[in-house]
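Descriptive analysis of the structure
If you want the building blocks of each chain, they are given just below.
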Amino acid sequence: MAKPRIAMYWTGGCGGCDVSPLEVGEAIVDVLSGVEIVFWPALMDAKRAHVEALPAGSIDAVLINGALRTEENMEMVRLLREKAKLIVAYGACAHLGGIIGLGNLHSAQSLVDTALGEDWQASAPVPGANGDAPPALTAGVVPLSDAITVDYVVPGCPPPAQLIGQFFRGLLEGYMPDVGHVFAEEKALCDQCPREKEDRPIERFVRPHEIEPDPDKCLLDQGVVCMGPVTRGGCEAACPKLGMPCTGCVGPTRKAGDLAGGMISALASLVRAGEEGEDVFAQEDEILDGLVDTVGTLYKYALAGTWKRGSGGGGK
Amino acid sequence: MAEQKHEPKIAAFLCRWCAYAGADLAGTNRVTYPPNMIPIRVPCSGRVEPSWVIEALREGADAVLIGGCHPGDCHYVSGNYKTRRRVALLQKVLEELGVEPARLKLTWVSASEGMRFAQVVRDYVEEVRSLGPYRGQFGAPQELHEVEENGGQVVREAVSHG
Ligand code: SF4
Ligand code: SF4
Ligand code: FES
């Protein structure tokens, strides 16, 4: 069998996804010798013109990491879609909008103003960028599936070694799951987490830096918002094992559907119910008020995938 | 196109034991209220998933109304208390997102309060009308105007709400 021809491309990302395949350790030797790399800007010098010159459908799998933030991102992913048999959304940004998607809390213009100063003109070259003008920002960040058809998802920020391994094994052995598959567990992360979960009522929310968590007990039981109940397993609870809460990078389980929605429902059930006879609502609100930065906590990765900037319906 | 008066669209999740029955009673008593509300019957207000509220706003509702039994009257004992906590959290999220928390409202209406139900709907329709249409504007409040103007066309053409 001919080696699968692959490509990796970055859009609005941080570069973490590009280096993440090294996470698989020595297996990287098998991966690299088992594939033919056609295009991977982080690894080798190849330009857009090279991709344009390729026949349609001639790349077996294109892994795309990063969210879509610029006009150029849009053009490139459409071009890659045309050249690819399979498109893989690689990492939380491509999958859900990711950290980059938090940019949607601000308008494109105010982001540019903040980064480059208000005097800067759209057509002017960026200071220090070889005289090139940057590509125009789109109105809002969107995940990959908003622009093109995505065949598989390798989730995570960046994807954990186990999931990268699963994907490459499938590709190299020529055995891939049905299109649409997300390379992660169907079950929630709590299932893989060694911490003991008692579903204790939450009396007070605490942020991770405010406590020295009990090493064996569930973080949520200790008042730290851990997204484990609504996030797909796959990372083997890397963060909770180290005492940090899960922040949801692998994305929602099918059951939860939506990270924030699922977590709000979980938290509403876990908060200690107010005692009858006193002002029940006030007691509960006092606990709920202790939850700070709800957007950054519940939508750390899925904001752009859930809330479309300027695209809500509204009465016609 | 001439500027028309904006007719708000409100998705209403109504508990079958109370608010929905109250809406029915308003109907049999021929009490009228504006047709801006789209009623969706649920077995208990506690059945309303937070993600449904988010989805309703995302898919074209200007606001979401949840109607449940008065505290103490829920047929499943405490479904409505849980709903209240969910709504409190959702409103916190909306506020941080820069979406008016008033676009989500929780109300208690019993099966015998047909008149009250109609009044709640009338008042809420006016409140939502004053908020204006929801077209996905969120983010830092001082920037909202600009977002509306830009309309998000660039991404809009590629968006599919699959
Ligand atoms: S998913 Fe995480 S690691 Fe990958 S590009 Fe985005 S921020 Fe970086
Ligand atoms: S610490 Fe987090 S992942 Fe582990 S059991 Fe608790 S909620 Fe689940
Ligand atoms: S049965 Fe009406 S709110 Fe629970």
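Scoring rules and cut-offs
Residues numbered from 1 in each chain as written. Chains lettered and ligands numbered in written order. Predicted model: local features only at pLDDT ≥ 70, side-chain atom pairs only at ≥ 80, totals over all residues. Heavy atoms only, no water. Pairing = 2+ DSSP bridges. Helix = DSSP H or I, 4+ residues; strand = E, 2+ residues; numbered from the N terminus. Axes fitted to C-alpha atoms, helices over the stretch in contact; angles between N-to-C directions. Contact = heavy atoms within 4.5 Å. Domains from an automatic or database assignment. Buried area = accessible area lost by both parts, 1.4 Å probe. Salt bridge = Lys/Arg side-chain N within 4 Å of Asp/Glu carboxyl O. Phe/Tyr/Trp six-rings, centres within 6.5 Å; stacked < 30°, edge-to-face > 60°. Buried < 20%, exposed > 50% of the residue type's maximum accessible area, 1.4 Å probe, protein only. Polar contact = N/O pair within 3.5 Å; in protein donor to acceptor, adjacent residues only side chain to side chain. Parallel < 35°, antiparallel > 145°, perpendicular 65-115°, else oblique. Left-handed = near helix turned anticlockwise from the far one by under 90°. Nonpolar A, V, L, I, M, F, W, Y, C, P; charged D, E, K, R; others polar. Near = heavy atom within 4 Å. Core = buried A, V, L, I, M, F, W, Y, C linked by side-chain atoms within 4.5 Å.

Our focus in this paragraph is the sheet that holds strand β3 (residues 63-68) of chain B. Think of a sheet as strands paired side by side through backbone hydrogen bonds, with each pair either parallel or antiparallel. Residues and elements named next belong to chain B. Taken together, four strands build an open sheet; the order of strands is β2-β1-β3-β4 and the sheet is parallel. Because the sheet does not close on itself, it has two edges, and the strands there are β2 (37-42) and β4 (104-108). Strand-to-strand twist in this sheet, taken as the mean axis angle between neighbours without regard to direction, amounts to 20 degrees. Looking at chain direction, β3 and β4 are connected through five bridges and run parallel. Counterpart to valine 64 in the pairing with β4 is leucine 104. Across the face of the sheet, helix α2 (residues 50-58) comes into contact with β1 (10-15), β2, β3 and β4 while running at roughly 145 degrees to β3. Contacting β3 and β4, helix α3 (residues 79-97) runs over the sheet at an angle of about 160 degrees to β4.

What follows is about the domain arrangement of chain A. Residue and element names in this part refer to chain A. Examined at the domain level, chain A breaks down into domain 1 (5-173) and domain 2 (189-306). On a C-alpha basis, the centres of domain 1 and domain 2 stand 30 Å from each other. If you look at the interface, domain 1 gives 18 residues, while domain 2 gives 15 residues. Both sides together, the interface formed by domain 1 and domain 2 hides about 1300 Å², and carbon and sulfur atoms give 71% of it. It is Leu96, Leu102 and Gln162 in domain 1 that bury the most area against domain 2; as a group they hold 38% of the surface buried on that side. Inspection of the domain 1/domain 2 interface yields zero salt bridges.

The next subject is the packing of aromatic side chains. All names here are of chain A. Tallying each qualifying case throughout the model produces eight aromatic pairs over all chains. Each ring, one from tyrosine 9 and one from phenylalanine 39, has its centre 5.8 Å from the other, and the planes form 15 degrees; the classification is stacked. Taken as a pair, tyrosine 9 in strand β1 (residues 5-10) and phenylalanine 39 in strand β2 (residues 36-39) lie far apart in primary sequence, 30 residues in all. Overall, tyrosine 9 belongs to the buried group, its relative accessible area being 8%.

Mapped onto the elements of the fold, A:Asp258 is located in the loop between α8 (238-241) and α9 (259-270). Taking C-alpha positions, A:Asp258 is 9.4 Å from A:Thr231, a pair spaced 27 residues apart along the chain. If we skip the residues at most four places from it in the chain, A:Asp258 touches A:Pro252, A:Tyr299, A:Thr306, B:Ser51 and B:Ile54. Among the polar contacts listed, one links the side chain of A:Asp258 to the backbone nitrogen of A:Gly261, at a separation of 3.4 Å.

Turning to the environment of A:Gly165, a few remarks are in order. Tracing the backbone through its elements, the reader meets A:Gly165 in helix α7 (residues 161-172). For the pair formed by A:Gly165 and A:Val31, sequence separation is 134 residues and the distance between their alpha carbons is 8.9 Å.

Residue and element names in this part refer to chain A. Strand order in this open sheet of five strands is β2-β1-β3-β5-β7, and the pairing throughout is parallel. Strands at the two margins of the open sheet, each flanked by one partner only, are β2 and β7 (152-154). Strand-to-strand twist across the sheet, computed as the mean angle between neighbouring axes with direction ignored, equals 30 degrees. Two strands pair when backbone bridges link them, and β1 and β2 are joined in this way by three bridges, in the parallel orientation. The partner of alanine 7 across the bridge, within β2, is phenylalanine 39.

We now examine the packing of α9(A) against α3(B). Between α9(A) and α3(B), whose axes approach to 9 Å, the crossing angle comes to 130 degrees. Comparing their axes, α3(B) and α9(A) come out oblique. The two elements α9(A) and α3(B) meet at a crossing, and its hand is right-handed. Between α9(A) and α3(B), the contacting residues are A:Ile264, A:Ser265, A:Leu267, A:Ala268 and A:Ser269 on the first element and B:Lys82, B:Arg85, B:Arg86, B:Leu89, B:Leu90 and B:Val93 on the second. Tallied by class, residues from the contact of α9(A) with α3(B) come to six nonpolar, two polar and three charged.

All names here are of chain A. Every residue near ligand 1 is listed here: Gly13, Cys14, Gly16, Cys17, Gly91, Ala92, Cys93, Gly156, Cys157 and Pro158. Elements with a contribution of two residues or more to the shell around ligand 1: α1 (16-19) and α5 (92-96). Among the residues forming the shell around ligand 1, the class breakdown is six nonpolar, four polar and no charged.

With that out of the way, let us pick up the nonpolar core. If you look at the biggest cluster of nonpolar residues, it comprises 112 residues, and the most contacted ones within it are A:Phe39, A:Leu144, A:Leu267, A:Tyr299, A:Trp307, B:Ile66 and B:Leu97. Element by element, the count of residues in this core is highest for α3(B), at seven residues. In this structure, this core is formed jointly by two domains, domain 1 (5-173) and domain 2 (189-306) of chain A, each of which donates at least three residues. In this structure, B:Ile10, B:Cys69, B:Phe117 and B:Tyr124 belong to the second largest nonpolar core, which totals 17 residues.

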